[in-house]
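Read off the chains here:
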Amino acid sequence: TADGSSGFKAEGGRYHLYVSLACPWACRALVVRKLKGLEDVVPYTVVDWLLGDNGWNFTDKKPKCSPDPLFDAQYLREIYIKADPDYQGRITVPVLWDKKNNTIVSNESAEIIQMLNSEFNDFCATVEQRELDLYPEHLKAQVDELNEWIYSDINNGVYRAGFARSQEAYDRAVTQLFTSLDRVEDILSKNRYLTGDQLTLADVRLFTTLIRFDPVYVGHFKCNKKRIVDYPNLWGYTRDVYNIPGVAETVDKEHIEKHYQASHVAINPYRIVAIGPDLDFNQPHNRDKLSKA
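Thresholds applied
Residues numbered from 1 in each chain as written. Predicted model: local features only at pLDDT ≥ 70, side-chain atom pairs only at ≥ 80, totals over all residues. Heavy atoms only, no water. Axes fitted to C-alpha atoms, helices over the stretch in contact; angles between N-to-C directions. Helix = DSSP H or I, 4+ residues; strand = E, 2+ residues; numbered from the N terminus. Parallel < 35°, antiparallel > 145°, perpendicular 65-115°, else oblique. Left-handed = near helix turned anticlockwise from the far one by under 90°. Contact = heavy atoms within 4.5 Å. Nonpolar A, V, L, I, M, F, W, Y, C, P; charged D, E, K, R; others polar. Pairing = 2+ DSSP bridges. Buried < 20%, exposed > 50% of the residue type's maximum accessible area, 1.4 Å probe, protein only. Polar contact = N/O pair within 3.5 Å; in protein donor to acceptor, adjacent residues only side chain to side chain.

Chemist: When you look at the packing of helix H5 (residues 140-155) against helix H7 (residues 167-188) in this model, what are you seeing that I'm missing?
Modeler: Geometry of a packed helix pair, given as the angle between the helix axes and the separation of the axes. Two numbers describe how H5 lies on H7: the axes approach to 8 Å, and their chain directions differ by 140°. By the criterion of interaxial angle, the relationship of H5 to H7 is oblique. Relative to H7, H5 is oriented so that their crossing is left-handed. Seen from H5, the contacting residues are Glu-145, Leu-146, Trp-149, Ile-150, Asp-153 and Ile-154; seen from H7, they are Gln-176, Leu-177, Ser-180, Leu-181, Arg-183, Val-184 and Ile-187. When the residues that make up the contact of H5 with H7 are grouped by side-chain class, the tally is eight nonpolar, two polar and three charged.

Chemist: Looking at this structure, I do not really get the sheet that holds strand E4 (residues 103-106). What am I missing?
Modeler: What holds strands together in a sheet is hydrogen bonding between their backbones, with the strands either parallel or antiparallel. With mixed pairing, four strands are arranged side by side in an open sheet as E2-E1-E3-E4. The sheet is open, and its two edges are formed by strand E2 (44-46) and E4, each paired on a single side. Across the sheet, the mean angle separating the axes of adjacent strands is 30° when strand polarity is ignored. In terms of strand pairing, strand E3 (residues 95-98) meets E4 through three bridges, oriented antiparallel. Paired with Asp-98 across the strands is Thr-103, a residue of E4.

Chemist: Would you explain the side chain of His-259 in this entry?
Modeler: As for its placement among the helices and strands, His-259 is situated in helix H10 (residues 253-263). Exposure remark for His-259: the relative accessible area of 7% places this residue in the buried category. A polar atom in the side chain of His-259 sits 2.8 Å from the backbone oxygen of Trp-49. Not counting the four nearest positions on each side in its chain, His-259 is found in contact with Ala-22, Trp-49, Leu-51, Trp-56, Glu-254 and His-264.

Chemist: Explain unusual backbone geometry here, please?
Modeler: For residues besides glycine, phi is generally negative; the peptide bonds are generally trans as well. Here the bond from Val-93 into Pro-94 is cis, since omega is 5°, no more than 30 degrees from zero. Relative to the assigned elements, Pro-94 resides in the loop between helix H2 (76-83) and E3. Residue Pro-277 is bonded to the preceding Gly-276 through a cis peptide linkage, with omega at -5°. Along the chain, Pro-277 turns up in the segment after H10. In the Ramachandran plot, Lys-64 falls in the positive-phi region, its phi being about 75° despite a non-glycine side chain. Here Lys-64 shows up in the loop between E2 and H2. Here Lys-64 falls in the exposed class, since its relative accessible area comes to 51%. The residue Asn-286 is not glycine, and still its phi comes out positive at about 55°. Structurally, the position occupied by Asn-286 is in the segment after H10. Judged by its relative accessible area of 45%, Asn-286 is partly exposed.

Spatial relationships are all this shows, so hold off on functional conclusions.
As structure tokens, this is what we get:
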């Protein structure tokens, strides 16, 4: 919090993010960090794209990855154990680490992006970034409602389809996924962003799934009824958000494609990474015509 009432006062240089450039949940945090101009305030470390038997690991042998700068840990698991020696839960990214208290503030992306959006305003690089509010009071109820079904049906829906262990489970997940993508397509036929003219955390959360959809979810997770490029509004919207200054820097095609296809040996036992598709996220989107202002 900005005032420190949580026990974690927003301060420059006090916190460190651990992320995977492949992970949609982790990249939410990178997008908000970028939009709010917090690059010099909250540094981050990228783990290896290959998720092995011991979980996420640190390496300097792959592009954009680096060793752990705080403890020289080999695995992210060691960071969790430093915070809680008895920890038995899942080892996930993102992780927001407090260097002052030597503990994890949060490993929940929904919490971290809210913190970055509202609690570090004293440290934003520009006035415009300080004034940017991706979760404004008057839209909170709408954002929360959107997040609820977009999370279950789309963000998590692709995973439920991809990791289904039965035809019935796959059919349920993939049917709901495309029903909800159709629902979003309809919303975006009328609005530039999910809630209207203003970009919100709901858009950030949806974008990180959409940007991965055609490269990996269509083939790897069998979500192939339609591609995002087959939806005029979803495809234009994805390009629109991608071209907001700073957002493209959080998207890494190599990390995304290699992580999913090389890590999930139950789905892809030979770890062969597919070649395509060719996507141009920079072609004109003309979404600004939908803005009411």
